[in-house]
Amino acid sequence: MSKTTHLPLSPSLSNSLFNLTKKVSFEPIREDNSIFINSTHNKPHVLILKNDRVEIISIETGLEISSWRMTQDGFIRQLKASTDFLFLGVLRSAKALEIRTLYEENAICSLVRNDKSSDSILGFEWTFLGELLLLTTEGVEFFQVDYHATKFTKTKSIKLRMNWYQYWPETRLLILSSGSFNLFIYRLSPSSQYETFPILQLVLPKMRSPASSQSNLNFQITRKNIYTMSFYSHCYVGFLNTWLTVPTLSLFRITTKTCYRKEYELDLQQPGDFSLIVIDNLLVINNYSTKTSIVFDVRSSVHSNPLIEPSSEIFDVLGPAYDHELNQVNWSCHVPKFLISGKYGSVWNISLNLSYLLDQLDTLKEWNLVKQSQFIIRRKSNTAYPLRTRPIKQAMLSLQNLSDIRSIYDVLCVNYEPTRYVSRAPSFESMISELSSKFSVASLHSPVLQHEDPDSNTICFQDDMFCHVFTPLATKIPSDYFIQCLLEFIECQMFYEQSVKSFIYDLLVHSLFESNSFVQLHQLIQFHIIPDSIPLAQRLVSNSENLSNLEMGINMLKRLECHNDVLSILTAKGSLLDAILYAQQSHTLKFISPLPFLESALNTGDNTLFLNVYRCFEEHGLIPLAMTIDDDSITGHRNGIARYISIFREIWGASIDMERL
């Protein structure tokens, strides 16, 4: 299959609303009925009839699925492959449907209607594995294939006089029309099963002009006026009212098996011929007459009006052939996100450029950053993921009030969905390491910052906020405002009962230290907003010039039961009796060596302090009673304690005169 690149529009322009990615290339085709598309079982593919062969090409992969030998022999109305690609249906006339197999050059069977002019085939659909739907003016017939006998057996039917139908594989909805304003709707299931929905009665369209002599009875709803679509996890039936001066699209939500509800009515701005596609829960309506596309978000506050000005990019791709090409392949109905052109021999995937769309929304007054955040979080495509933190970053850079900041936090926290780890620059680990290096005392016990689940490669809300918002903005906005934003974020996480990760707290602590906001830091610790941790306690202690920090750090180490650290700090600052008292209260006195305490007391030159320290250890049995040891036995004590016993005897003698104290 030859590859051609007749693409008049670049698919990756940053100033374009749509991204067009070429999925399939084939030799350009000029015959009207040489290219067909199908989307059975959510497997969109193209069928190309050329040189007495049918090539089936997957739109998703661009690869050929299979190739069939078949002569064209006149006009072909429909050409569709079964869900397993073992059978090919060929509809040449309104009286007979040919069924072919991959291995047979001729049709294996034909489904033929009788000679009555009123009994004609409207079309056929491959629905599920081994199942065929034949739609006629007399009703619907269900067939199942017998793979062993290679024949199709009629299993069920629906009797209904009708003149057109619509079937959408994406929603499995079958809509039948008998020519009136009543639509008969069914949802299909495997094994020829279906659910019958109530009749949808459409309101007669209003006249374009009251002076018109045309009667409402002359209006006829055709298949071009009816669509089904699925977005935001709901299924809708759309009625395109083109008889109004300003056309509208009414969306009826199928709420239950017995009820419809008209939820939205969209203003299409200008008359014309339309087709609809759904991209990432956004409704894109193409107007062939004006050669423009308009985008709606039904969840936005302006759902009845387009998000931004109409765009002509999709029609620019097809150029002068737009009105023939688009209608001929009917791409919007059957393959919702693909643009197919036989003239250019190409199939393009259509996606939205969300960055461009957000730039346009920035210029609209009604789209504040809170609404933009709600808009982005509703997008589920991969391109939307990096943009989810964009509104909060813009809000912080513009120093918006904290209530707006909190509103954006609420939107993100409630709706944020974790994603798998993707390559990013700088990486999550590099940011953690960079921030950790600022806490020099952290390495004494454990890293200040560590990923809560190092074996997981799932990135969640807090990870993204740390990497893409807080760390980049830490030095770009005023420190007091940045701290308030961090506190608002932590409060938001607590409100929604989410555990705050350690690196968020550590970034807050680092910011408080950098701005010398020690009073605020102490308050946050006292009210348990910032949890106790060994690295934080060590950093407080290391800031020894601030006595409040030192005291706060020592108390935190006590709460954490880091007894050796507390004793080392108290001993180093000369609070020997306090250290011994803490050791007694924590029941750790018997596990420590008296030598460092005795040496520190001796170095102070305060004999009374040395006496008190000596007596404390002596009373707890850590020093032999001085009065029971003679001069000869003192030399027998090793491990350094003998030296302090001798010094004690030299200072105080064999007995202590309390009057001298």
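So, a few notes on the structure that sits alongside this text. (Residues numbered from 1 in each chain as written. Predicted model: local features only at pLDDT ≥ 70, side-chain atom pairs only at ≥ 80, totals over all residues. Heavy atoms only, no water.)

### Considerations on unusual backbone geometry
At Y232, a residue that is not glycine, the phi angle is positive and equals roughly 50 degrees. In this fold, Y232 is placed in the loop between β19 (226-231) and β20 (234-241). Located in the positive-phi region is D280, a residue other than glycine, with phi close to 55 degrees. Looking at the element boundaries, D280 is found in the loop between β23 (274-279) and β24 (282-287). What makes D280 buried here is its relative accessible area of 18%. (Helix = DSSP H or I, 4+ residues; strand = E, 2+ residues; numbered from the N terminus. Buried < 20%, exposed > 50% of the residue type's maximum accessible area, 1.4 Å probe, protein only.)

### A closer look at the nonpolar core
By size, the foremost hydrophobic cluster in this structure holds 83 residues, and its most contacted members are M396, Y409 and F470. For this core, the element with the highest residue contribution is helix α10 (residues 479-495), accounting for nine residues. When neighbours within four sequence positions are excluded, F470 is seen to be in contact with M396, Y409, M465, F482, L486, F489, I504 and L507. Membership of the second largest hydrophobic core comes to 26 residues, among which are I350, Y356, L358 and I376. (Core = buried A, V, L, I, M, F, W, Y, C linked by side-chain atoms within 4.5 Å. Contact = heavy atoms within 4.5 Å.)

### Considerations on the side chain of S250
Looking at the secondary structure, you find S250 in strand β21 (residues 248-256). With a relative accessible area of 5%, S250 lands in the buried category. One polar contact links S250 to E265, side chain to side chain, over a distance of 3.4 Å. Those residues in contact with S250 that sit more than four places away from it in its chain are V237, G238, F239, K262, Y264 and E265. (Polar contact = N/O pair within 3.5 Å; in protein donor to acceptor, adjacent residues only side chain to side chain.)

### Focus on the pairing of β19
Two faces belong to every sheet, and in a regular strand the side chains alternate between them. Counting buried positions along β19 gives five out of six residues, so the element sits mostly inside the fold. As judged from the six bridges shared by β19 and β20, these two strands associate in the antiparallel manner. Of the residues in β20, the one forming a bridge with Y227 is G238. The hairpin turn running from β19 into β20, its antiparallel successor, is two residues long, and Y232 in that turn takes a positive phi close to 50 degrees. (Pairing = 2+ DSSP bridges.)

### Focus: the sheet that holds strand β13 (residues 151-159)
Hydrogen bonds between backbone groups are what pair the strands of a sheet, and the pairing can be parallel or antiparallel. Spatially, the four strands line up as an open sheet ordered β10-β11-β12-β13, and their pairing is antiparallel. Since the sheet does not close on itself, it has two edges, and those belong to β10 (121-126) and β13, each with one partner. Going from strand to strand, the sheet's axes swing by 20 degrees on average, the running direction of each strand aside. The pairing of strand β12 (residues 139-146) with β13 spans eight bridges and is classified as antiparallel. Paired with G139 across the two strands is K159, which belongs to β13. (Axes fitted to C-alpha atoms, helices over the stretch in contact; angles between N-to-C directions.)

### Observations regarding the environment of I158
One can find I158 in strand β13. Remark: the alpha-carbon pair of I158 and V140, spanning 18 residues in sequence, is separated by 4.9 Å. Setting aside chain neighbours within four positions, we find I158 in contact with E138, G139, V140, F142, Y186 and Y194.

### Some words on the packing of aromatic side chains
Two descriptors summarise a pair of aromatic rings, namely the distance from one centre to the other and the angle between the planes of the rings. What the rule picks out here adds up to 21 aromatic pairs. Relative to Y264, the ring of Y236 lies with its centre 6.1 Å away and its plane at 50 degrees, an arrangement referred to as tilted. Remark: Y264 occurs in strand β22 (residues 259-267) and Y236 occurs in strand β20; sequence separation between them is 28 residues. By the burial criterion, Y236 is buried, and Y264 matches it. Here the aromatic rings of F597 and F617 are separated by 5.6 Å at their centres, their planes lie at 50 degrees, and the arrangement is tilted. You can see F597 sitting in helix α17 (residues 595-603) and its partner F617 sitting in helix α18 (residues 607-619), a full 20 residues away along the chain. On the basis of relative accessibility, which here comes to 5%, the residue F597 falls in the buried class. A residue is classified by how much of its surface remains accessible, and F617, at 0% relative accessible area, is buried. An aromatic cluster of three or more residues is present, and its members are Y409, Y416, F461, F470, F482 and F489. Seen from the ring of F375, R379 lies directly overhead, with NZ or CZ sitting 4.7 Å from the centre. Residue placement shows R406 over the ring face of F495; its charged tip is 5.6 Å from the ring centre. (Phe/Tyr/Trp six-rings, centres within 6.5 Å; stacked < 30°, edge-to-face > 60°. Lys NZ or Arg CZ within 6 Å of the ring centre and 35° of its normal.)

### Some thoughts on the environment of D297
Structurally, D297 can be placed in the loop between β25 (292-296) and α1 (313-318). Overall, D297 belongs to the buried group, its relative accessible area being 0%. Aside from chain neighbours lying at most four places away, what touches D297 is Y232, N281, L282, H303, L307, F375, R378 and R379. Here the side chain of D297 touches R378 through a polar contact of 2.6 Å, side chain to side chain.

### Some words on helix α13 (residues 534-542)
In terms of burial, α13 is a largely internal element, seven of the nine residues being buried. Of all the residues in α13, the buried ones are P535, L536, A537, Q538, R539, L540 and V541. Here the buried face of α13 lies against α11 (502-514), α12 (518-526), α14 (547-559) and α15 (563-572). For α13, the side-chain oxygen to backbone nitrogen distance between the N-cap and L536 is 3.3 Å, and the N-cap itself is S533.

### Observations regarding empty space enclosed by the protein
For the coordinates displayed, the defined rule picks out two cavities of 30 Å³ or more. Here the second largest cavity defines a volume of roughly 40 Å³. Lining the second largest cavity, in full, are T127, F128, E131, L132, L133, F142, F143, L188, S189 and S192. Looking at which element gives the most residues to the lining of the second largest cavity, the answer is strand β11 (residues 131-136), with three residues. (1 Å grid on protein atoms, 1.4 Å probe; cavity = no way out; pocket = protein on both sides within 12 Å on 5 of 7 lines; lining within 4 Å. Points joined across faces, edges and corners; volume = space filled by probe spheres on them.)

### Focus on the packing of helix α4 (residues 354-362) against helix α5 (residues 369-377)
Here α4 crosses α5 at 160 degrees, and the two axes come no closer than 11 Å. When the interaxial angle is binned, α4 and α5 end up roughly antiparallel. Seen along the crossing, α4 lies across α5 with a hand that is right-handed. Where α4 approaches α5, its residues L354, L357, L358, L361 and D362 are matched on the opposing element by Q372, F375 and I376. Grouping the amino acids of the contact of α4 with α5 by side-chain chemistry returns six nonpolar, one polar and one charged. (Parallel < 35°, antiparallel > 145°, perpendicular 65-115°, else oblique. Left-handed = near helix turned anticlockwise from the far one by under 90°. Nonpolar A, V, L, I, M, F, W, Y, C, P; charged D, E, K, R; others polar.)

### Looking at a nonpolar patch on the surface
Together, L86, L129 and Y147 line one region of the surface with nonpolar side chains, adding up to about 290 Å² of accessible area. In this structure, Y147 sits in the loop between β12 and β13. Exposure remark for Y147: the relative accessible area of 39% places this residue in the partly exposed category. (Patch = residues over 30% accessible without salt bridge, like charges linked within 9 Å, V, L, I, M, F, W, Y side chains within 5 Å. Areas by Shrake-Rupley, 256 points an atom, 1.4 Å probe, with all protein chains shown as cover. Salt bridge = Lys/Arg side-chain N within 4 Å of Asp/Glu carboxyl O.)

Honestly, it's all geometry; don't read function into it.
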